[in-house]
Amino acid sequence: MRAAVLGSPVGHSLSPILHRAAYDALGLTGWRYEALEVADAAALHAFVTGLDDEWAGLSLTMPLKRLVQPLLDAVDEPARVTGSVNTVVLSPGRRTGSNTDVHGVVAALAEGGVTALAPGESVVLGGGATAASAVAALVGLGDRAPVLAVRDPARAGTAAAVAQALGGRARVVTSAEAPALLGTARVAVSTVPAAAAAATADLVRAAGPLGGVLLDVVYDPWPTTPAGAWQQAGGTVVDGFAMLLHQAGRQVAAMTGREVTGDVLTAMRVAGRRALDG
């Protein structure tokens, strides 16, 4: 059987390493997983419609998480609510889209000791597709009133709509307002890209002493500048690799139909860390 991660650029993806480690741990010797460059809607359509029964599933990175949706027969609830599909499970005559990023955020925060939240205890930095998944995860953990801190509030509409669809209501603020909120937050999730790390770190430093948990979805290089600033201020950090690991484990289970146990996740974690450490 075959599977692959699609996107552009995709050469840096750790997904092949994680999925192959899972196949080895599960004893799936006949399975292959690769990284393939697919850059736009036309190329994605041609690729997906040309697949045969040898294919079990696809992982999707940007810019394909929304572009794939017209090609699907069904989507799961996290994908429907967030409007973001990062997984396609293929079966004869059927393509099902899923969002495993939401699970990845929940499981990563659990590694930081967070398994439940009260309304108003979390802050999401950024307003893009990953922020939408983070909001879904935080509302699912109990925070029905998460804060969205974005440079331009007009860009937070999709992520804010996720909270509303799940019965909550997000509070949207500007990045300038973030330090005061970070100082009292139990959880912060930074979905800001590496290119804006310096500005995000400045917000963290301006927050003063911190006692909460930061999940930074960026994992390479680690620690990121915001994560380092958060630790220096007294807070706990969880790196984006934990999110990547757990969402990949959920993908493997969906594509293979096999249970991904703790031993399998450990094998994936070891392989991924080895690759990151060079």
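Note on numbering: residues in each chain are counted from 1, in written sequence order. Selection of residues for local features in this predicted model requires a pLDDT of at least 70, selection of side-chain atom pairs for listing and counting requires 80 or more, and totals for whole chains, interfaces and linings are taken over all residues. Computation of side-chain values covers all heavy atoms of the structure but excludes hydrogens and water.

Draft legend 1. Molecular detail of the overall build of the chain. Numbering of helices and strands starts at the N terminus; helices are DSSP runs of H or I of at least 4 residues and strands are runs of E of at least 2. Of the regular secondary structure elements, the chain holds 12 helices and 12 strands. Taking 278 residues into account, the globule formula puts the C-alpha radius of gyration at 19 Å, and the chain, at 18 Å, falls close to it. Scored against the burial criterion, the 278 residues of the chain give a buried share of 52%. Throughout, a residue-residue contact means that at least one pair of heavy atoms, one from each residue, lies within 4.5 Å. Across the chain, contacts joining residues at least 24 apart in sequence account for 67% of those joining residues at least 6 apart. For accessible areas, the Shrake-Rupley method is used with a probe of radius 1.4 Å. Any residue's cover is judged against the shown protein chains and nothing else. For the chain, the exposed surface amounts to about 11700 Å²; the carbon and sulfur share of it is 52%. Only C-alpha atoms enter the radius of gyration, while the globule expectation follows 2.2 Å times N to the 0.38, with N the number of residues. Under the scheme applied here, a residue whose accessible area is under 20% of the maximum for its type counts as buried, over 50% as exposed, and between as partly exposed, the area being computed with a 1.4 Å probe on protein chains only.

Draft legend 2. View of the packing of helix α1 (residues 15-26) against helix α12 (residues 262-276). Axis lines are fitted to C-alpha atoms, over the contacting stretch for helices. Their N-to-C directions set the angle, which ranges from 0 to 180 degrees. Look at α1 against α12: their axes get within 8 Å of each other, and the N-to-C directions meet at 140°. The angle between the axes of α1 and α12 places the two elements in the oblique class. Both α1 and α12 take part in a crossing whose hand is right-handed. Between α1 and α12, the residues in contact are Ile17, Leu18, Ala21, Ala22, Ala25 and Leu26 and Val264, Ala267, Met268, Ala271, Gly272 and Ala275, respectively. Classification convention: Asp, Glu, Lys, Arg as charged; Ala, Val, Leu, Ile, Met, Phe, Trp, Tyr, Cys, Pro as nonpolar; all other residues, Gly among them, as polar. Of the residues contributing to the contact of α1 with α12, the split by class is 11 nonpolar, 1 polar and no charged. Small angles under 35 degrees read as roughly parallel and large ones over 145 as roughly antiparallel, with 65 to 115 read as roughly perpendicular and the rest as oblique. Helix crossings fall into two classes, left-handed where the near helix is turned counterclockwise from the far one by less than a right angle and right-handed where it is turned clockwise.

Draft legend 3. Quick peek at the packing of aromatic side chains. Only Phe, Tyr and Trp rings take part, Trp by its six-membered ring, and two of them pair if their centres are within 6.5 Å. Stacked means planes under 30 degrees apart, edge-to-face means over 60, and tilted covers everything else. In the structure shown here, the tally under the stated rule is 2 aromatic pairs. Relative to Trp31, the ring of Tyr23 lies with its centre 5.4 Å away and its plane at 55°, an arrangement referred to as tilted. For the pair shown, Tyr23 and Trp31 are each scored as buried. Ring centres of Phe47 and Trp55 lie 5.6 Å apart, and the angle between their planes is 80°; on these two criteria the pair is classed as edge-to-face. On the basis of relative accessibility, which here comes to 21%, the residue Phe47 falls in the partly exposed class.

Draft legend 4. Examining the nonpolar core more closely. For our purposes a nonpolar core is just a set of buried Ala, Val, Leu, Ile, Met, Phe, Trp, Tyr and Cys residues, chained together by side-chain atoms within 4.5 Å. Judged by nonpolar contacts, the single largest core of 33 residues is most densely connected at Leu109, Val135 and Leu148. Ranked by residues supplied to this core, first place goes to helix α6 (residues 129-140) with 8 residues. What Leu148 contacts, discounting residues up to four positions off in sequence, is Val124, Gly126, Val135, Ala156, Ala159, Ala160, Ala170, Arg171, Val172 and Val173. Grouped together as the second largest cluster of nonpolar side chains are 25 residues, Leu18, Phe241, Leu244 and Val260 included.

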